[in-house]
Structures are given as structure tokens and as C-alpha cells.
There are 2 protein chains.
Amino acid sequence: QLATDRVDDNGNIVVRKQDWSEMKVHVSSYNTFPTAAGLASSAAGYAALVAGLAQLYQAKEEFEGQLTTIARQGSGSACRSLYGGFVAWRMGGKNKEQDDWSDSLAQQIASEQHWPELRAIILVVSDQKKDTSSTAGMSTSVATSELLQHRATHIVPKRMEQIEKAYLEKDFETFGRVTMADSNQFHATCLDTYPPIFYMNDISRSVIRIVHAYNAWAGEIRAAYTFDAGPNAVLYTLERYAIELSALMLHYYPSFGDNYVNNPKFLVKIRSTQLDPQLLEATDRTGRTPQAGDVKMIYYTKSGPGPQTLSTKEANIDPTTGLNCYSPP
Amino acid sequence: QLATDRVDDNGNIVVRKQDWSEMKVHVSSYNTFPTAAGLASSAAGYAALVAGLAQLYQAKEEFEGQLTTIARQGSGSACRSLYGGFVAWRMGGKNKEQDDWSDSLAQQIASEQHWPELRAIILVVSDQKKDTSSTAGMSTSVATSELLQHRATHIVPKRMEQIEKAYLEKDFETFGRVTMADSNQFHATCLDTYPPIFYMNDISRSVIRIVHAYNAWAGEIRAAYTFDAGPNAVLYTLERYAIELSALMLHYYPSFGDNYVNNPKFLVKIRSTQLDPQLLEATDRTGRTPQAGDVKMIYYTKSGPGPQTLSTKEANIDPTTGLNCYSPP
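Computed from a predicted model, the values in this text were never measured in an experiment.

## As for helix α7 (residues 239-252) of chain B
Now for step 1: Look at α7 of chain B: 21 Å from first C-alpha to last across 14 residues, which is about the 20 Å you get at 1.5 Å a residue.
Now for step 2: Every buried residue of α7 of chain B is listed here: Y241, A242, L245, S246, A247, L248, M249, L250 and Y252 of chain B.

## Re the relation of the copies chain A and chain B
Now for step 1: Of the transformation placing chain A onto chain B, the axial shift is 0.0 Å and the rotation is 180°, giving an RMSD of 0.0 Å. Here the symmetry operator amounts to a two-fold rotation axis. If distances are taken from each C-alpha of chain A to the rotation axis, the shortest is found for A188 of chain A, at 2.1 Å.
Now for step 2: A share of 100% of the interface residues of chain A reappears at the interface of chain B, consistent with the copies meeting face to face through the same patch.

## Focus on empty space enclosed by the protein
Now for step 1: Taken as a whole, this structure holds one cavity of 30 Å³ or more when the rule is applied.
Now for step 2: The computed volume of the largest cavity comes to approximately 160 Å³.
Now for step 3: Lining the largest cavity are 14 residues, and of these L191, M200 and R205 of chain A together with L191 and R205 of chain B sit closest to its centre.
Now for step 4: Elements with a minimum of two residues in the lining of the largest cavity: α5 (172-191) of chain A together with α5 (172-191) of chain B.

## A closer look at unusual backbone geometry
Now for step 1: The amide bond that connects Y194 of chain A to the next residue, P195 of chain A, takes the cis arrangement and shows omega of -10°.
Now for step 2: Of note, P195 of chain A is situated in the loop between α5 and α6 (202-218).
Now for step 3: With phi around 55°, Q58 of chain A is a residue other than glycine that occupies positive phi space.
Now for step 4: By secondary structure assignment, the location of Q58 of chain A is in the loop between α1 (41-56) and α2 (66-74).
Now for step 5: Given the relative accessible area of 24%, Q58 of chain A is considered partly exposed.
Now for step 6: Of note in the backbone geometry, K170 of chain B takes a positive phi value of approximately 55° without being a glycine.

## Describing the sheet that holds strand β7 (residues 233-238) of chain B
The strands making up a sheet associate through hydrogen bonds between their backbones, and the pairing can be parallel or antiparallel.
Residue and element names in this part refer to chain B.
Now for step 1: Within the open sheet, the four strands sit side by side as β6-β7-β5-β8. Their pairing is antiparallel. Bordering the open sheet on either side are β6 (223-226) and β8 (295-301), each of which pairs with just one other strand. The sheet shows a mean angle of 20° between the axes of neighbouring strands, taken without regard to direction.
Now for step 2: Here strand β5 (residues 118-125) runs beside β8; their pairing, made up of six bridges, is antiparallel. The partner of I121 across the bridge, within β8, is Y300.
Now for step 3: Contacting β5, β6 and β7, α5 runs over the sheet at an angle of about 25° to β6.
Now for step 4: Against the sheet, helix α6 (residues 202-218) makes contact with β5, β6, β7 and β8, and its axis sits at roughly 160° relative to β6, the strand it touches most.

## A look at the pattern of salt bridges
As a working rule, side chains carrying opposite charge can pair if their charged atoms are close by.
Now for step 1: Applying the stated criterion to the full structure yields 28 salt bridges over all chains.
Now for step 2: The shortest N-O distance in the salt bridge between R205 of chain B and D202 of chain A comes to 3.1 Å. Of this pair, R205 of chain B sits in helix α6 while D202 of chain A sits in helix α6, each in a different chain. For the residue pair R205 of chain B and D202 of chain A, the accessibility class agrees, reading buried in each case.

## Brief notes about the nonpolar core
Now for step 1: Membership of the largest hydrophobic core comes to 112 residues, with the highest contact counts inside it found for Y253 of chain A together with L123, L235 and Y253 of chain B.
Now for step 2: Apart from the residues within four sequence positions on either side, L123 of chain B is in contact with V207, N232, A233, L235, M249, Y253, V295, M297 and I298 of chain B.

## Examining the interface of chain A and chain B
Now for step 1: Opposite the 37 residues of chain A that make contact, chain B presents 37 residues.
Now for step 2: In terms of surface lost to chain B, no three residues of chain A exceed L147, Y194 and F198 of chain A, which account for 19% of the buried area on that side.
Now for step 3: Where chain A meets chain B, there are six salt bridges.
Now for step 4: The interface formed by chain A and chain B contains ten residue pairs in polar contact (both at pLDDT 80 or more).
Now for step 5: At the level of secondary structure, the elements contributing two or more residues to the side of chain A that touches chain B comprise α4 (146-168), α5 and α6 of chain A.
Now for step 6: The leading source of residues in the side of chain A that touches chain B is α5 of chain A, at eight residues.
Now for step 7: Among the residues making up the side of chain A that touches chain B, the classes are represented as 14 nonpolar, ten polar and 13 charged.

## Some thoughts on the sheet that holds strand β7 (residues 233-238) of chain A
All names here are of chain A.
Now for step 1: A sheet is described by the order of its strands in space; here four strands give the open sequence β6-β7-β5-β8, paired in antiparallel fashion. For this open sheet the edge positions go to β6 (223-226) and β8 (295-301), each flanked by a neighbour on one side alone. Mean inter-strand twist for the sheet, computed between neighbouring axes without regard to direction, equals 20°.
Now for step 2: Relative to β6, α5 is tilted by about 25°, and along the sheet it contacts β5 (118-125), β6 and β7.

Rules behind the numbers
Along each chain, the written sequence defines residue order, and numbers are assigned to residues from 1. Numbering of ligands from 1 and lettering of chains from A proceed in the order in which they are written. In keeping with the model being predicted, local features are shown solely for residues with a pLDDT of at least 70 and side-chain atom pairs are shown and tallied solely at 80 or more, while totals for entire chains, interfaces and linings include all residues. To get the side-chain values, take all heavy atoms of the structure and skip hydrogens and water. A run of DSSP states H or I qualifies as a helix once it reaches four residues; a run of E qualifies as a strand once it reaches two. Both are numbered from the N-terminal end. The span expected for a helix works out to 1.5 Å for each residue beyond the first. Throughout, exposure labels follow a simple rule: accessible area from a 1.4 Å probe, protein chains only, divided by the maximum for the residue type, with under 20% read as buried, over 50% as exposed, and the rest as partly exposed. Here the copies are superposed with least squares, the fitted atoms being C-alpha atoms of residues at a pLDDT of at least 70 in both. A contact between two residues is defined here by any heavy atoms of the two lying within 4.5 Å. Only protein atoms enter the calculation, which uses a 1 Å grid: trapped sets of points that fit a 1.4 Å probe without letting it out are cavities, open sets showing protein on both sides within 12 Å along at least five of seven lines are pockets, and any residue with an atom within 4 Å of a point is a lining residue. Grid points are joined across faces, edges and corners, and a volume is the space filled by probe spheres set on the points. Should DSSP find at least two bridges between two strands, the strands are regarded as paired. To get an axis, fit a line to the C-alpha atoms, keeping to the stretch in contact for a helix; angles then go from 0 to 180 degrees between the N-to-C directions. Only one rule defines a salt bridge in this text: a Lys or Arg side-chain nitrogen within 4 Å of an Asp or Glu carboxyl oxygen. To define a nonpolar core, start from buried Ala, Val, Leu, Ile, Met, Phe, Trp, Tyr and Cys residues and group those joined through side-chain atoms within 4.5 Å. Buried area is calculated as the accessible area (1.4 Å probe) missing from two parts once they are joined, with the contributions of both summed. Contacts described as polar in this section are N or O atom pairs within 3.5 Å, which, within protein, must combine one atom able to donate a hydrogen with one able to accept it, while residues neighboring in sequence count only if both atoms come from side chains. For this classification, Asp, Glu, Lys and Arg are treated as charged, while Ala, Val, Leu, Ile, Met, Phe, Trp, Tyr, Cys and Pro are nonpolar and the rest, including Gly, are polar.

So yeah, pure geometry; function would need other evidence.
Put into C-alpha cells, the structure is as follows:
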């Protein structure tokens, strides 16, 4: 529907709009991070698919963010992954009476270049316990949690404003505080669901305790956690605290392997970091004792630019495997 | 202040009201259940102390429940322990403007004889993890949880009515459902506190999952959990399901010792109970695998009559130990 003619560099029409429906598409997709581990791999996948098809079909949006409304149908948060940086998923619902939320879309608040000091440290938490109720998900919460409605109506809009402002002003103190409070409140409404939904486990909670002890020791917010629909911790921090924070996490969630952190050079740095004894005294009081195996892997990363088009060479399909030739840098 | 003359059986004044302030009191106190394990031992202790002193001093209440307002000062929930059966702790606050909540007191909804089929099975959950934030407690929640105010104003009063009615009508379905939903919502507001407070742990959550799976298998609510400010599970059930439910818990939280359940005869019964294979199939899907050590002890009990006066003989103090001669039946 949104497709247009595909035109080459010389202005020749390579594929006409009406011919697209006759053509077949070969999709080659893989992740450079764990799939189905609660790290939004499906959001990334659907966003990449929508961006790729839109590029192929030369699709033109009828309004800004239309492609995000399409990505959203694959996986809700896929709409956010079509842009880089800090992206808001807007609620929509202009026609609430008709139960029409089709105007819900994603909007970029600021690009990935706006706050280059921001870092994310992701702890992939081992989750041996299967949670049957997690499949029930958000719709059960909407139907049964009496706190969710209050949260959605009275709390989230205010916090969205606060956190957008904090991001634009690079105010990490507010950004971190609102991020943590809102993560906890999201999980509170999951717990208030009937039957309750648990995404965090005791490992997740130990990370929360350590982060609060770390900030209390520092006298400022240097790290902020957020948990999505799973036990994995996403920690935000600033570049200047990334090594300290990562060394602290490596202390409490040690590993034997050298592939434990996605960035080997960073691992060398954090391994050689001496932590303040008073900090360790403070974080020890959370009750966490260092133990390998509770965290499977640590990712050190930052906000990227959203979907990128591969070069022609990288995008070539290897006929023997059916996969493209791209390999991550 | 509330003390009166102490009169013996023959009408002779043994102690005059004005003499009480000159006299010393010897208190001998012990618990027949674990102290400081999150099982309301301080509530029980303060209630016993207030009831004992009131009895000794022949104290007369100026209004019904006055003694509960005194017990409340030692430990909030001690006010409820002055009565048996089902007891409500009323909010008070007639003079809210003056921040005067002194009219908050406990009221008995029904005695322990009203619903004799009701049983409580308490799982004492091992808690190796120290939670620094649990000391902060309720006052931090009041100050920081945006969901707590909504809960207190809009949800709790309605639920109090529902659960009182259910108790009086012996409607276990409603009693159980409201109990579980409200336990979860209390812990949701703890999680919404900043920094968050965690009382339940992964063992607590596994009990919750098993109870929901058990009820789903039964097609009715046969068990209801509630968690106080700690990881221990209090399960309510009816006498006719007590063995089945306990056998289910023993299956998932096994122990090697014979003192694992407070009632040895009951332990023999539940050990010889065969559980429905379909039930175990359903509860296995919660992800819990039987493992000893996660639960320290199981108490099988029911609502009692509140503070009782010992006989003169039992109340005698052994001069060599300073303790009374009472031993539990």
C-alpha cells in the first residue's frame, strides 16, 4: 500500500509499484545478541524487517511515524526500535470510544548523538525458573490490576514529561531516579495482577539493592536500573562511571570465562579496577555474596542509530547458506 | 491510669489502685513458635504483656478496644492479637487535621468459633538474604509510593468490607481471592517504595505459583496465600483440604527430619497421602522442583482465642530460673 516505484541511480524504474505484489522476498536475519532472553530481540527483529521492507519497496509514510505503527503490530516495542537515541511510544487513542488505538506510534525525543556519555550495562540474568504466568502478560494486568489504571492515568504521563526533560537536559540524577521508580512501579502492577506476574527474581533484586547502595555511597545517582518483562538488569550510567559500576557488578557476579563481557578490552579494564573498600563495605550490607553463574553475560553498550542499510556487498546473499555476507564489526 | 483496686475472692482489697505505681513486675515470657522470623512474635508478645498487665492491675477500659490502642504502641499489629478469631485493625483518624490517629483500634469481627473449619498452614521460608531496606518499612512506603495512597483510599476500604462479609458468610472463595489479591497488592506497594522494599523471595513466589496452579486444577479456591513483612507463606484452607494442600507443599518443599511439621500426627498423615498425578503435572509446570532446605518448618494451626490467663499453678515462677512453670500442651 505504501510501496512506490523503485528507481535506480540513473532514474530508470527498476520495479513498478504494481509489480511488488508479484515478487517474493528472501529474508536473512540474525541477532548479534541473545535471542529470546528478554532483551527485546523480537522488537529488534520486527523493526529491522519493517525498515528493510520499507527500504526495498521505497515505501513513503503518509504521516510521520506511520512505519512505527506497522512495526508495532509485530511486537509492541518494535515501534521504538525504528529510531535511534531516546524514543517515546505514544499512547494514541484519539478515538477511545471506538476502541481505536491505531494512532499509537513512536516518536524520537533525541537522537543517539544528543547524550553521547550515556552508557548501558546489561546483565543477562540466568533464569532457571519457568514462569507460566508471564505468558498471560499485560492484558491480564489491564484486566485485573486495580493499581494499573491509576498508574496509567495519573502517574505515567507526568513521569514521561519528567524523563523527556531530564534526557534533553542531560540530567542524569532525574533520569536515573525516574527510571528506577518507574521500573519498580511497572513490576508492582505485574505483582498486583491476578494471578500475579513475576518477571524479576532474587538475582534481579540483588542488583537493585547493590545499585541503591552504590548511589548512597556516591552521594549521587551514578547508576540506574530498569527491568523489562524478564529478570535481566539494564543499568544506565555515564561514561565516567561505567568502569567503576561494571567492576562492582563483576565483583558480585563473577565469571570464569573471557567471553563474559561482550567487549574484551573493557573486560580487561574492569578486571584491573580496584574498588573503594568503603563502597564494598556498603554493598556487602545488601547481603549479596559474590557467586558465579547468577549472571550469564554482561553487555557494555550505548544507544545506537536505529536500523541501518547494509552496503551492497554486505547485503549479498551467499547462495550456499542463504545468509547475507554481513559480519558485525 | 486504667488500674483499679485488686480484690480477692472474699471481697478484700489485696492491692489498692494507688499502690500499683510502687510495685515492681516480674515478666516471664516465651514463644512456642520461632521468634523474629516474621511470624508476628513481637505482636504476640506485646499483646500478652498488655493483657497480662491489664489483668494484674484489674484495668477497666474506658471504651471498647482501649487496651488494643495501648498494645498498638508496642507493635502495630499487637492490637489485633488481643482478640481471637478474625480481627480488624481500624484506621482511626477522626481528627485527621490534627494528625491524631489515637482512635485507631482493633475490633473483633467474629470469634475463633465462628468458622472452625478454617486452617492455616505456615511455611517458614529460609531467608539467607539480608534486606537492609526492610528496616525502613512502612513509613518509607507512605512517603514515597505513589500507589500506596490510591490503595489506602480507594481499594482497602472496599476489600475490608468484602473480606469481613466473606468471613461472616464462610465464603472461602471470596475470602481466599481477596486475601491473595490484597497480599500481592501490599507487596506491590512495597516494590513501588523508593528505594524498593522486598519481603518475598523466589521461594515465596514459587509457593504463590503452586497455590494458583492448585486452585486452577481444583476449579475452585482451596488455598489462599498471604505474606506479611517477610518471606514466610501463610496458607489458608478448609479442614477438608488441609491434608491435600499440606501433602502438596511437602512434595515441593521436602525435609529429612521428623520435626519438620509442628504436629507429628499430621505429618504422618500427609506423608502417606497420594497426590493426584494430574495435580502434580499442573503444579510441576510452575517450574518448582522439589528441594529440601528452602522451607525450614511447616506449622499446621488454626485461629485461637487470643490471650488466656494461666492457672495459678502454671503461673508460678520457678525461683531457680525466674520462669513460670507453664509448658504448652
